[in-house]
Structures are given as structure tokens and as C-alpha cells.
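# Examination of the molecular architecture
Each chain, letter by letter, is given below.
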Amino acid sequence: MSGILLMLISAIIFIVAYFTYGKYLDKKLQVDPNRKTPAIEMADGVDYVAANKPVLLGHHFATIAGGGPIVGPITAAVFGWIPAVFWIILGSIFFGGVHDYTSLQASIRHKAQSIGTIIKEYIGKRGQTLFLSFSIATIILIVGVFCVLVADTFAAQPAAATASLLFITVAMIFGFAVNQMRVNFVVASIIGVIVMFMCVWLGILFPIQFSASVWIFILLIYSYVASVLPVWVLLQPRDYLNSYLLYGMMLGGFIGIIITNPTIQMTGFTGFYNDTLGPLFPILFITIACGAISGFHSLVASGTTAKQLDNEKNGRFIAYGGMLIEGFLAIIVIISVAYLTSGAFSERLAEAGGPIPTFALGLAYFMNAFGLPEATGVTFVSLAASAFLMTTLDSATRLGKYAVQEFAEGRSKFFHNQHVATVVIVVGAAALAFSGTWADLWPLFGSANQMLGALALMAVSAWLVKRGIKSMFTLIPMVFMFILTLSALGVLMYQNFATSNWLLTISGFILFVLCVFLIIEAWNSFVSNRKDTSVKA
């Protein structure tokens with residue numbers, strides 16, 4: 001099959017879905033463009049700040065598009081490219097897109113409050129406590145996994161490490177110039193983007209070489225610092241400038257594939273069981289993870305994006321559209337390795353040092369078709385991927401800090417302190433990061449992340465049912481995701497127990513128990529609400 005054909009068919013499907021199923025979701029969610037959003041009604045110039053569509057898409061997409069749509073599809077490709085592509089397209093449209101968009105709109109209708117607050121209102125205080133516990137555990141997994149992924153990439157591509165460190169400096173200077181010196185935003189943006197791309201060239205000239213273990217230590221310190229700094233100093237300028245990197249990477253890949261016209265040589269389907277990963281169901285789904293649906297997106301949608309949405313009608317563009325773009329990125333990722341035979345793919349994955357360097361080599365090969373040297377292309381793609389991993393890394397640490405503070409509110413002033421709350425996340429992530437490679441952590445991260453998505457869909461469904469809206473469009477994905485992720489946690493607990501990996505076994509068990517108790521709590525709340533309704537009737 002032609003790589004161009006696969007890419008164009010996927011793009012057409014996503015575009016049609018946006019204008020058809022997306023509009024259907026607008027009607028079901030009763031989107032009202034005349035209703036004031038929290039960004040307008042509660043504007044404070046700090047957290048509640050209205051942003052126009054392109055700017056907010058850049059922030060939202062830069063935050064959600066971490067390493068998931070790159071690492072997941074490449075790892076899952078061992079089952080063959082056909083099942084991976086099938087789940088990416090189906091999941092993005094009917095699962096991930098629905099999850100992201102409904103989470104955003106639910107938060108908007110509740111003064112841009114978190115999913116945890118929505119659970120508290122419709123399921124109860126105990127439900128909120130369980131959800132926050134699960135969220136904290138999941139975020140620790142996210143930070144731990146992404147630390148390992150970035151560290152492995154920096155160790156394999158030292159030029160990308162240099163470029164990334166320079167890019168952090170550029171972002172901080174940009175933030176200071178725009179927010180403190182009041183430099184013209186357009187002028188600062190043009191200069192910032194030019195200097196940002198110069199960082200790639202400087203990275204090639206002056207590569208920084210450290211071991212992966214040293215990079216993990218450095219990245220954990222960075223995560224702590226980024227989490228406690230004011231958002232305008234680093235996170236906001238990084239998100240904004242990062243969007244240009246990703247758009248450039250995707251455009252370069254798109255043009256390169258058109259020119260190269262690669263033929264897909266990878267085996268379409270290798271079977272229902274893989275000796276390394278395990279059974280196709282449920283492992284394929286939790287491995288692709290963010291390429292189709294990600295619970296982390298609900299934390300982003302209700303944590304920062306909801307506070308910046310200027311009009312409800314733009315929610316589909318930001319959240320549903322953002323997930324479809326991420327799905328399209330995952331398709332490009334599949335093509336970047338599917339032009340190889342299965343044997344050549346396995347060799348490259350082992351020699352390159354992980355999924356991200358493997359993706360960088362594939363995309364650099366495509367971009368070489370329009371004259372970009374492969375060495376430069378590899379550094380550029382590695383920088384872009386690492387930049388988004390680091391964006392997710394620092395954003396996740398900050399969201400984890402918020403979750404710990406929300407959990408500690410009314411319980412402990414000590415853990416409510418932002419520095420203590422951040423240390424809880426960083427120390428937990430360090431324990432996981434040094435416990436094994438990304439390959440050991442990724443399935444557990446995928447399971448926890450997907451389970452968080454199921455819990456967010458549960459919260460949204462409770463809100464919709466309470467409003468008398470038929471919610472099969474959220475209930476069906478919710479039930480499937482619960483079955484999928486509970487099965488996956490069971491499989492992973494068995495696999496880690498068999499290999500005596502006690503930390504991951506215990507971590508999986510804790511996540512499993514928390515989820516089961518939250519499901520029970522939700523069911524009891526639902527039954528109680530039905531009884532109350534019957535009595536009133």
C-alpha cells in the first residue's frame with residue numbers, strides 16, 4: 001500500500017469526522033455561543049484569560065501532544081500496522097475526541113473547575129478523594145515515563161539535548177521580553193521562532209553527551225523548577241513556541257511523504273500475541289494510548305484550557321480538533337516506520353535507542369527528499385519530539401502539584417505547600433524512572449492513563465444524565481475503556497509479578513483497587529440518585 005494513500009485517506013476521514021460527528025457533539029452538549037465562558041465572566045488576568053482560537057490551540061495542543069502519539073504507535077507496531085491504524089482512527093474520532101471535548105465543555109459549565117470537582121458534585125466527596133488519588137498516581141507515572149523517554153533521546157541524540165537546553169533559554173527570554181519589557185508580540189514571535197530554529201544548528205555543532213541516568217536526574221530537577229515558577233516565565237512561552245516546532249515537523253513529514261511516496265512494507269498483522277508485549281487485547285490499546293485517547297487530556301482541558309476558552313463554539317476546534325490532529329500525527333508516525341520491513345524495523349528500533357530516535361530517522365529520511373540533510377532532520381525531529389515530551393513533563397508536574405494541593409486542602413497545610421506538593425510528584429516519579437526502562441513503565445502508564453480517561457468519561461456521563469441528556473456517546477466509550485483498562489492492569493500485574501518487579505506490581509495493584517472502589521462509589525451514587533428521584537415522583 002502507498003504511504004501517501006494511507007496518509008490522505010486518514011486525513012479525509014478526520015476532516016469529515018470533525019464536520020459531522022463534531023457537529024453532532026455540539027448539539028448533544030447544547031453548545032451556546034451566546035453563553036459567557038469563565039474566561040470572560042471570571043477574567044482575572046492571571047488564570048482566567050481569554051485567548052483566540054489559534055493561540056489557545058497552540059497552548060492546548062503543545063500540552064497534550066507529548067511523546068504518546070510517537071512512542072505508543074511505534075511500540076504497538078509489533079502487532080502490525082493495520083490494527084494500529086484502525087484503533088488510531090476509530091479511537092481518535094469516537095473515544096479520544098469525545099473524551100477531550102466533553103471534558104472541556106463539562107468544565108466550562110462548572111466555572112472551569114477540574115474533573116475532580118465535577119465528580120465531587122455528582123458522585124460525592126469520597127468519589128473526589130478516590131479520583132484525586134488515582135490522578136496523583138497516574139501523574140507520577142506520566143512524569144516517570146516521560147523522564148526516561150527524554151533521557152534516552154538525549155543520550156542517543158546529544159545534539160537534541162543541546163538544542164533543548166538552548167530552547168529553554170530562548171523561551172524564558174521570550175517570556176520576559178513580552179511580559180515584562182512589553183516587546184511587540186509579533187516581533188518577539190518572529191525573532192523567537194528564528195532563534196529557536198537556530199538552536200537546531202547549534203545543537204549539531206555543540207552536542208552535550210551525558211548518560212541516560214544523569215539526564216533523568218537533570219530532568220527531575222527541571223520539572224520541579226518549572227512547576228514552581230510563574231507560568232509566564234517558562235510554561236506559557238514554551239507552549240507557544242513549541243507549537244511552531246510541531247507544526248513544522250508535521251508539515252515537513254507531510255511534504256516528505258508526498259515527495260518520497262513510500263511503499264508500506266511492514267507486515268499488516270502479525271497475530272493476536274506478541275512475545276514481548278503480550279496479547280493484542282488489551283495491550284495494543286493501552287500501548288497506543290495518547291494516539292487514540294488519553295486521560296491526561298481531561299486534566300489539561302479542565303485544568304488550563306477551560307480557563308482560556310473565549311467562546312463555547314470554539315471548544316470543538318480546540319479540543320475535538322486538537323485530538324484529531326494528534327491522531328493524524330500518530331498516522332504519520334506509523335508511516336515513518338511502516339515503509340521498513342518488520343525485520344528492518346526491529347533492527348532500527350534496537351540500534352536507534354528507542355521509539356523517538358527511530359521516528360526521527362524515518363521522518364528525516366522523508367524530509368531529505370526536499371533537500372534537508374538527514375543529520376539536520378534527525379536533530380530537528382528529535383528536538384521537536386523532546387520539546388513536547390518536556391512540555392508534557394513540566395505541565396504534568398504542575399498538574400500533579402495542583403492535585404496534591406486539592407487532596408491536602410482541609411487535611412494538611414504541610415502538603416498544601418506548593419514546594420512540598422511538587423516534591424511528592426518528583427520523588428515518586430524518580431522512584432519509577434530508576435526502577436526500569438521506558439518499556440517496563442509504558443504499559444503501566446498506558447493503563448493508568450486510559451483508566452483516567454474512563455473515569456473522566458464517567459464524570460461527564462454523570463453530569464449529562466443529571467441534565468436529562470441521552471449520553472450513549474459517552475457511556476459506550478466509558479464502559480469499553482473500563483473493561484479494557486481493568487483487563488490491562490490485570491495482565492500487567494501478572495507479568496510484573498512473574499518477573500519479580502515488585503514496584504510495578506504494587507503500583508498496578510494500587511491503581512486497580514482505586515479504580516474498582518471509584519466505580520463502586522459511582523454506582524452507589526447513581527442508585528441513590530434514582531431512589532431519590534423515585535421518592536420525589
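The structure under discussion appears in the preceding block.
Residues numbered from 1 in each chain as written. Predicted model: local features only at pLDDT ≥ 70, side-chain atom pairs only at ≥ 80, totals over all residues. Heavy atoms only, no water.

### What to know about the packing of helix 3 (residues 53-64) against helix 13 (residues 296-303)
Filter applied, for reference: All axes are obtained by fitting lines to C-alpha atoms, using only the stretch in contact for helices, and the reported angles, taken between N-to-C directions, cover 0 to 180 degrees. Under the DSSP-based scheme used, a helix requires at least four consecutive residues in state H or I and a strand at least two consecutive residues in state E, with every element numbered from the N terminus. Roughly parallel covers angles under 35 degrees, roughly antiparallel covers those over 145, roughly perpendicular covers 65 to 115, and oblique covers all other angles. In this scheme the handedness of a crossing depends on how the near helix is turned from the far one: anticlockwise by less than a right angle means left-handed, clockwise means right-handed. Whether two residues are in contact is decided by their heavy atoms: any pair within 4.5 Å suffices. Charged means Asp, Glu, Lys or Arg here, nonpolar means Ala, Val, Leu, Ile, Met, Phe, Trp, Tyr, Cys or Pro, and polar covers whatever is left, Gly included.
Contact pair helix 3 / helix 13: the axes reach a minimum separation of 10 Å and the direction vectors enclose 150°. Between helix 3 and helix 13, the angle is such that the two are roughly antiparallel. As for how helix 3 packs across helix 13, the hand of that crossing is right-handed. Here H60, T63 and I64 of helix 3 lie close against helix 13, whose contacting residues are F296, H297, V300 and A301. Along the lines of polarity and charge, the residues of the contact of helix 3 with helix 13 split into four nonpolar, three polar and no charged.

### Looking at a nonpolar patch on the surface
Counted only if it meets this: What makes a patch is a set of residues exposed beyond 30% relative accessible area and free of salt bridges, joined within 9 Å when like-charged and within 5 Å when nonpolar (Val, Leu, Ile, Met, Phe, Trp, Tyr). In short, Shrake-Rupley with a 1.4 Å probe defines the accessible areas, and a residue's cover is counted only from the protein chains shown. Definition used for salt bridges: Asp or Glu carboxyl oxygen within 4 Å of a side-chain nitrogen of Lys or Arg. For every residue, the accessible area (1.4 Å probe, protein chains only) is compared with the maximum for its type, and the residue is labelled buried under 20%, exposed over 50%, or partly exposed between those bounds.
A grouping of F176, M181, V183, F185, V186, V187, I190, I191, I194, V195 and M198 is seen on the molecular surface, where their side chains present a nonpolar patch of about 970 Å² in accessible area. Looking at the nonpolar patch element by element, the count peaks at eight residues for helix 9 (residues 185-205). Note that I194 resides in helix 9. Accessibility expressed as a relative area gives 51% for I194, which makes it exposed.

### Remarks on helix 11 (residues 235-260)
Where we set the bar: Multiply 1.5 Å by the residue count of a helix minus one, and that product is the helix's expected span.
Here helix 11 contains 26 residues, and its C-alpha end-to-end distance of 36 Å stays within 8% of the 38 Å for a straight helix at 1.5 Å per residue. Once helix 11 ends, the next one or two residues include N261, with phi positive near 50°.

### Section: unusual backbone geometry
A cis amide bond links F281 with the next residue in sequence, P282, at an omega value of 15°. On the secondary structure map, P282 appears in helix 12 (residues 280-288). Residues other than glycine seldom take positive phi values, yet Q30 does so here, at roughly 55°. Q30 gets classed as partly exposed once you look at its relative accessible area, which sits at 41%. A positive phi angle is found at N261, which is not glycine, with a value near 50°.

### Observations concerning the pattern of salt bridges
A complete count under the given rule lists four salt bridges for this structure. Where R35 meets E312, a salt bridge forms, and the shortest distance between an N and an O atom there is 2.7 Å. Highlighted residues: R35 in the loop between helix 1 (3-28) and helix 2 (38-41) and E312 in the loop between helix 13 and helix 14 (315-338), separated in sequence by 277 residues. Residue R35 is classed as partly exposed on the basis of its relative accessible area of 32%. Among the salt bridges present, the one from E312 reaches R109, with a minimum N-O distance of 3.4 Å. Here the residue E312 occupies a position in the loop between helix 13 and helix 14, and R109 occupies one in the loop between helix 5 (81-108) and helix 6 (115-122), the gap between them amounting to 203 residues.

### A few points about helix 5
To be explicit about the condition: At any given residue, the bend is defined as the angle formed between two axes, one fitted to the seven residues that end at that position and one fitted to the seven that begin there.
Look at helix 5: 38 Å from first C-alpha to last across 28 residues, which is about the 40 Å you get at 1.5 Å a residue. S92 marks where helix 5 bends most, by close to 55°.

### Overview of the state of the cysteines
Where we set the bar: A pair of cysteine sulfur atoms is labelled a disulfide when the two atoms are within 2.5 Å.
Here the structure, examined in full by the defined rule, presents zero disulfides. Here C147 is not disulfide-linked; the sulfur of C290 is the nearest cysteine sulfur, at 16 Å. On the accessibility criterion, C147 (0% relative accessible area) is buried. Classification of C290 as buried rests on a relative accessible area of 5%.

### A short note on the side chain of N311
Here is the rule: Under this definition, polar contacts are N or O atom pairs within 3.5 Å; protein pairs additionally need one hydrogen-donor-capable and one acceptor-capable atom, and for neighbouring residues in sequence, both atoms have to be side-chain atoms.
In this fold, N311 is placed in the loop between helix 13 and helix 14. According to the relative accessible area criterion, N311 is buried, its value standing at 16%. Looking at N311, its side chain comes within polar contact range of the main-chain oxygen of P33, at 3.1 Å. Of the polar contacts made by the side chain of N311, one reaches the backbone nitrogen of K313; its length is 3.0 Å. Excluding its chain neighbours within four sequence positions, the residues that come into contact with N311 are P33 and T37.

### Here's the deal with the packing of aromatic side chains
Rules: By convention, a stacked pair of Phe, Tyr or Trp rings (six-membered ring in the case of Trp) has centres within 6.5 Å and planes under 30 degrees apart, an edge-to-face pair has planes over 60 apart, and any other such pair is tilted.
In this structure the tally under the stated criterion is 20 aromatic pairs. Ring centres of Y18 and F19 lie 5.0 Å apart, and the angle between their planes is 90°; on these two criteria the pair is classed as edge-to-face. What makes Y18 buried here is its relative accessible area of 17%. F19 gets classed as partly exposed once you look at its relative accessible area, which sits at 48%. Between Y339 and F366 the ring centres are 5.2 Å apart and the planes differ by 55°, which places this aromatic pair in the tilted class. Of this pair, Y339 sits in the loop between helix 14 and helix 15 (342-352) while F366 sits in helix 16 (residues 355-367); the two residues are 27 residues apart in sequence, bridging distant segments of the chain. Relative accessible area serves as the criterion here: at 0%, F366 is assigned to the buried category. Through pairs of rings, three or more aromatic residues link up here, namely W87, F95, F281, F285 and F480.

Scope: geometric values only; no functional claims are made or implied.
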